[in-house]
Amino acid sequence: MKTKSIASLLLTTALTLAAASLAHADDKVVKIGALSDQSGLYADLGGPGSTLAAQMAVEDSGLTGKGWKIDIIAGDHQNKPDIGVNIARQWFDVDKVDVIVDVPNSGVALAVSNIVKEKNGILLNSGAGTSDLTNSQCTPNTIHWTYDTYTLAHGTGSALTKNGGDSWFFLTADYAFGAALERDTTAAVQAAGGKVLGGVKAPLSTADFSSFLLQAQASKAKIIGLANAGADTTNSIKQAAEFGITSGGQKLAALLLFITDVHSLGLNTAQGLNFTETFYWDMNDGTRAFAKRFQERMKNHNMPTMVHAGVYASLSHYFKALEALGGNPHDGAKIVAKMKEIPTDDALFGKGSIQPNGRTIHPAYLFEVKKPSESKGPWDYYKLVSTIPADEAFTPLDKSTCPLLKK
Amino acid sequence: MQALYAQLLVGLINGSFYALLSLGLAVIFGMLNIINFAHGALYMMGAFVAYFLLNLFGINYWWALLISPLVVGIFGMILERTMLKWLTGLDHLYGLLLTFGLALIIQGVFQNYFGSSGLPYSIPDQLRGGMNLGFMFLPIYRGWVVVFSLVVCLATWFLIERTRLGAYLRAATENPTLVRAFGINVPRMITLTYGLGVGLAALAGVLSAPINQVRPLMGADLIIVVFAVVVIGGMGSIMGSIITGFALGVIEGLTKYFYPEASNTVVFVLMVLVLLVKPTGLTGRAA
């Protein structure tokens with residue numbers, strides 16, 4: 001018994017030492033942490049799909065065939081900043097994670113971004129919307145892909161105001177994202193000559209929006225701006241139809257709408273909604289090929305959202321930078337600097353670049369949800385209204401309040 | 001002032017769901033002494049069964065109102081027979097833990113297959129549209145929910161407090177041995193009671209399907225509030241849970257108007273206050 005336990009102790013020690021020396025000799029080891037809402041209201045737009053997108057990016061990079069060892073772990077932040085921060089700390093300190101991806105929920109993303117900077121890791125954000133990540137809260141370790149509240153505000157907000165929707169009332173999710181989206185949209189609406197009549201803040205993950213919708217109805221605003229996301233948005237849209245808001249002449253602006261939301265609502269309820277996204281699966285051969293592979297491997301056979309696409313594209317770009325640097329993937333700021341040097345080019349978002357404040361710029365699109373008669377089958381939901389060029393879709397550099405720019 | 005009327009009415013609508021769910025919990029706690037944490041998951045199953053009935057078998061909403069509570073009720077009775085039965089006489093904590101675990105498993109399974117965004121279920125044709133009440137536009141479906149759940153609540157109260165069957169049930173909880181001596185099958189009665197409580201949850205699920213999305217998490221979001229309602233009303237009190245359900249819906253509705261940011265917490269603030277002043281709940285009897 002005693003000899004056996006000593007033997008096993010020796011064996012463990014030997015293995016640990018071997019593992020340690022292996023890690024030391026081979027500096028082509030990367031660990032990716034997919035931090036998301038795995039089970040709550042944002043799980044369909046990010047969640048397990050983002051982990052899958054990360055896996056696909058690793059496989060498609062071909063790096064594992066060139067001697068790299070790349071692992072992915074997933075975490076559930078449950079939309080709570082404190083939990084997100086704890087996971088991030090543990091990932092950096094114990095699990096030796098190099099890069100964190102996704103992080104929907106702006107409150108969590110802002111908190112995690114601070115840890116990432118402190119630990120000199122990398123945050124490739126796709127899921128969170130707040131434009132603060134590349135403005136007042138920017139860091140040399142964060143890159144913001146996919147979209148932000150500025151994009152949504154200037155896409156949907158400006159377009160609707162110019163089309164005659166010149167008075168707005170906001171139904172806002174009561175946390176960092178909702179506040180940022182309301183602020184940015186208000187600016188866009190006012191710049192386009194509209195005015196904001198008021199707003200109401202609803203707690204995150206509310207089941208019944210009728211009280212808030214009645215207040216919006218009473219405001220007599222032409223446009224009711226939904227500054228929320230995920231299941232909150234689908235519930236508000238569904239209940240707005242029920243209370244006769246849309247048939248009463250007021251128009252809903254779903255400022256952030258994902259394809260999984262449209263799928264969940266059904267075309268009957270969602271038809272005619274205008275919204276802004278930067279990715280749709282049926283744009284070109286590249287997006288269709290990616291989406292088809294994604295859908296086959298996704299457990300519930302959903303199409304990828306733009307958040308999933310952003311996780312894939314940002315990681316693919318990260319791998320390009322790793323390859324260019326040749327090894328030692330543990331200095332976050334250095335890799336991010338390299339990522340900013342290389343122009344972005346992928347099948348999902350097209351050609352673009354990463355600005356010094358960490359904002360990736362690429363075109364955005366104003367879509368309209370098809371009528372049931374126009375849709376050819378499942379997931380054929382969007383028609384393109386207009387394309388917003390990359391330089392108009394995101395905060396202009398001279399207006400960015402990112403401290404990194406003042407040198 | 002008009003806006004206030006509208007908020008009161010909306011509160012009443014939400015209160016209907018609270019009342020139906022807390023009533024089921026009260027029935028189960030009163031008769032089985034089990035704190036049924038699986039209630040939210042069973043409510044969610046009720047909505048999903050309605051969705052399946054419509055999309056797989058073309059069975060409409062009206063039949064779903066009947067079939068879904070039966071299906072979920074039978075599922076509940078199987079749970080009771082195979083698992084909960086063994087907890088009779090043990091501390092409340094065991095029942096709570098077991099049902100909480102069951103809730104997590106059921107929810108996890110649904111989430112695995114259906115994600116979190118939910119599935120659409122539309123309002124039945126007969127209840128579409130709305131009426132203009134002057135101070136607000138009332139969707140007919142919402143009005144139906146209030147009336148229907150009020151009728152169901154009162155019928156359940158009548159069944160338990162005013163009929164012979166109800167008297168047996170209440171007697172069986174007081175002294176099972178004696179009731180058994182009269183030739184009444186007490187274990188079967190308990191199983192049926194659990195089925196009834198669960199069926200009420202499923203019924204609430206079907207009612208809410210056209211209003212909310214049919215989502216795996218719809219129960220988890222609601223159940224905590226419902227538990228607060230039960231605690232405020234007093235565990236095991238049938239009428240107490242009905243009245244508290246409706247009343248708290250109204251209070252929550254008013255909060256959404258005057259201070260919307262607090263609308264998710266107001267129920268818990270009330271719960272704390274009630275517990276401080278009267279730990280047995282407003283209508284509860286001392287244990």
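Remember, it's a predicted structure, so these values are computed and weren't measured experimentally.

Some points on the overall build of chain A
Link 1 in the chain: The number of helices and strands found in chain A is 14 helices and 15 strands.
Link 2 in the chain: The principal-axis extent of the C-alpha atoms belonging to chain A is close to 80 × 55 × 40 Å.
Link 3 in the chain: When the 407 residues of chain A are sorted by exposure, 56% land in the buried category.

Things to note about the overall build of chain B
Link 1 in the chain: A tally of helices and strands in chain B yields 11 helices and two strands.
Link 2 in the chain: For chain B, the succession of helices and strands along the chain, N to C, is α-α-α-α-β-β-α-α-α-α-α-α-α.
Link 3 in the chain: At 19 Å, chain B has a C-alpha radius of gyration in line with the 19 Å of a compact globule built from 287 residues.
Link 4 in the chain: By residue count, 53% of the 287 residues in chain B fall in the buried class.

Notes on the sheet that holds strand β14 (residues 364-369) of chain A
Residues and elements named next belong to chain A.
Link 1 in the chain: The antiparallel open sheet is built from three strands, whose spatial order is β10-β14-β15. Among the strands making up the open sheet, the edge pair consists of β10 (274-277) and β15 (382-388). Neighbouring strand axes in the sheet, compared pairwise and without regard to direction, differ in orientation by 30° on average.
Link 2 in the chain: In this sheet, β15 lies alongside β14 in antiparallel orientation, the contact comprising six bridges.

A few points about the nonpolar core
Link 1 in the chain: Counting residues in hydrophobic clusters, the biggest one holds 211 residues, and the most contacted among them are I100 and V112 of chain A.
Link 2 in the chain: With 18 residues, the top contributor of residues to this core is helix α1 (residues 2-32) of chain B.
Link 3 in the chain: Composition of this core by domain shows at least three residues from each of domain 1 (28-147 + 283-362) and domain 2 (150-281 + 364-393) of chain A.
Link 4 in the chain: Apart from residues no more than four positions distant in its own chain, V112 of chain A is found in contact with L35, G84, V85, A88, I100, V103 and L123 of chain A.

Quick look at helix α5 (residues 149-162) of chain A
Residue and element names in this part refer to chain A.
Link 1 in the chain: Between its terminal C-alpha atoms α5 stretches 19 Å, which fits the 20 Å expected from 14 residues at 1.5 Å a residue.
Link 2 in the chain: Taking burial as the measure, the 14 residues of α5 include 13 buried ones, the bulk of the element.
Link 3 in the chain: Phi for G164, located one or two positions after α5, is positive at around 105°.

A short note on helix α2 (residues 47-61) of chain A
Residues and elements named next belong to chain A.
Link 1 in the chain: Compared with an ideal rise of 1.5 Å per residue, which puts 15 residues at 21 Å, α2 spans 22 Å between its outermost C-alpha atoms and is within 8% of the ideal.
Link 2 in the chain: Every buried residue belonging to α2 is among G47, P48, G49, S50, T51, L52, A53, A54, M56, A57 and V58, and all of these are buried.
Link 3 in the chain: For α2, the secondary structure elements touched by its buried residues are β1 (29-36), β2 (69-76), β3 (99-102), α11 (285-297) and α12 (306-325).
Link 4 in the chain: Remark: G62 follows α2 within two positions and exhibits a positive phi of approximately 70°.

Quick notes on the confidence of the model for chain A
The predicted coordinates of low-pLDDT regions are not to be read in fine detail.
Link 1 in the chain: Of the residues in chain A, 93% reach a pLDDT of 70 or more, and the chain-wide mean stands at 90.
Link 2 in the chain: Contacts of residues 20-25 of chain A to residues separated by more than four positions or lying in other chains number one contact, the stretch itself having pLDDT below 50.

Some thoughts on the domain arrangement of chain A
Residues and elements named next belong to chain A.
Link 1 in the chain: Its domain assignment divides chain A into domain 1 (28-147 + 283-362) and domain 2 (150-281 + 364-393).
Link 2 in the chain: Look at where the C-alpha atoms of domain 1 and domain 2 centre, and you get two points 26 Å apart.
Link 3 in the chain: Taken together, the contact pairs 32 residues of domain 1 with 29 residues of domain 2.
Link 4 in the chain: Those elements that place two or more of their residues in the side of domain 1 that touches domain 2 are α4 (106-118), α11 and α12.
Link 5 in the chain: Partitioning the side of domain 1 that touches domain 2 into residue classes produces 15 nonpolar, 14 polar and three charged.

Some words on the packing of α12 of chain A against helix α13 (residues 332-341) of chain A
Residues and elements named next belong to chain A.
Link 1 in the chain: α13 packs onto α12 with a crossing angle of 105° between their chain directions and a minimal axis gap of 9 Å. Accordingly, the angle class assigned to the pair α12 and α13 is roughly perpendicular. Contacts between α12 and α13 involve H317, Y318, A321, L322, A324 and L325 on the former and, on the latter, I335, K338 and M339.
Link 2 in the chain: Looking at the contact of α12 with α13, its residues break down into seven nonpolar, one polar and one charged.

Some details on the sheet that holds strand β7 (residues 195-202) of chain A
Residues and elements named next belong to chain A.
Link 1 in the chain: Taken together, four strands build an open sheet; the order of strands is β7-β6-β8-β9 and the sheet is parallel. In this open sheet, the two edge strands, each paired with only one partner strand, are β7 and β9 (251-254). Neighbour-to-neighbour, the strand axes of this sheet turn through a mean angle of 20°, independent of strand direction.
Link 2 in the chain: Bridging between strand β8 (residues 223-227) and β9 involves four bridges; their strand directions are parallel.

Quick look at the environment of R180 of chain B
Link 1 in the chain: With respect to the secondary-structure elements, R180 of chain B resides in helix α7 (residues 176-181).
Link 2 in the chain: Sequence separation of R180 of chain B and G166 of chain B is 14 residues, and the distance between their C-alpha atoms is 15 Å.

Structural notes on the interface of chain B and chain A
Link 1 in the chain: With 36 residues of chain B in contact, the opposing surface of chain A contributes 36 residues.
Link 2 in the chain: With five residues, the top contributor of residues to the side of chain B that touches chain A is α1 of chain B.
Link 3 in the chain: In terms of residue class, the side of chain B that touches chain A is built from 17 nonpolar, 15 polar and four charged.

Let's talk about unusual backbone geometry
Residue and element names in this part refer to chain A.
Link 1 in the chain: Phi is positive for V103, which is not a glycine, with a value near 55°.
Link 2 in the chain: Tracing the backbone shows V103 in the loop between β3 and α4.
Link 3 in the chain: By C-beta crowding, V103 is classed as buried, having 34 other C-beta atoms within 10 Å.
Link 4 in the chain: We note that N105 has phi near 85°; this positive angle belongs to a residue other than glycine.
Link 5 in the chain: Relative to the helices and strands, N105 resides in the loop between β3 and α4.
Link 6 in the chain: Note on N105: 34 C-beta atoms within 10 Å, which makes it buried.

Here we look at the packing of helix α6 (residues 164-174) of chain B against helix α8 (residues 186-208) of chain B
Residue and element names in this part refer to chain B.
Link 1 in the chain: Packing of α6 against α8 brings their axes to within 10 Å, and their N-to-C directions diverge by 110°. Of the possible angle classes, the one that applies to α6 and α8 is roughly perpendicular. Considering only the axes of α6 and α8, their crossing is left-handed. Along the contact surface, α6 presents Y168, L169 and A172, while α8 presents V186, M189 and T193.
Link 2 in the chain: A per-class count over the contact of α6 with α8 returns five nonpolar, one polar and no charged.

Things to note about the environment of L273 of chain B
Residues and elements named next belong to chain B.
Link 1 in the chain: Inspection of the secondary structure assignment puts L273 in helix α11 (residues 266-277).
Link 2 in the chain: Here L273 falls in the exposed class, since 11 other C-beta atoms lie within 10 Å of it.
Link 3 in the chain: Counting along the chain gives 86 residues from L273 to P187, while the straight-line C-alpha distance between them is 38 Å.

The rules behind these values
- Residues numbered from 1 in each chain as written.
- Chains lettered and ligands numbered in written order.
- Predicted model: local features only at pLDDT ≥ 70, side-chain atom pairs only at ≥ 80, totals over all residues.
- Helix = DSSP H or I, 4+ residues; strand = E, 2+ residues; numbered from the N terminus.
- Buried ≥ 20, exposed ≤ 12 C-beta atoms within 10 Å, placed from the backbone.
- Rg over C-alpha atoms; globule rule 2.2 N^0.38 Å.
- Pairing = 2+ DSSP bridges.
- Axes fitted to C-alpha atoms, helices over the stretch in contact; angles between N-to-C directions.
- Core = buried A, V, L, I, M, F, W, Y, C linked by C-beta atoms within 7 Å.
- Domains from an automatic or database assignment.
- Contact = placed C-beta atoms within 7 Å.
- Expected span 1.5 Å × (residues − 1).
- pLDDT = per-residue confidence, 0-100.
- Nonpolar A, V, L, I, M, F, W, Y, C, P; charged D, E, K, R; others polar.
- Parallel < 35°, antiparallel > 145°, perpendicular 65-115°, else oblique.
- Left-handed = near helix turned anticlockwise from the far one by under 90°.

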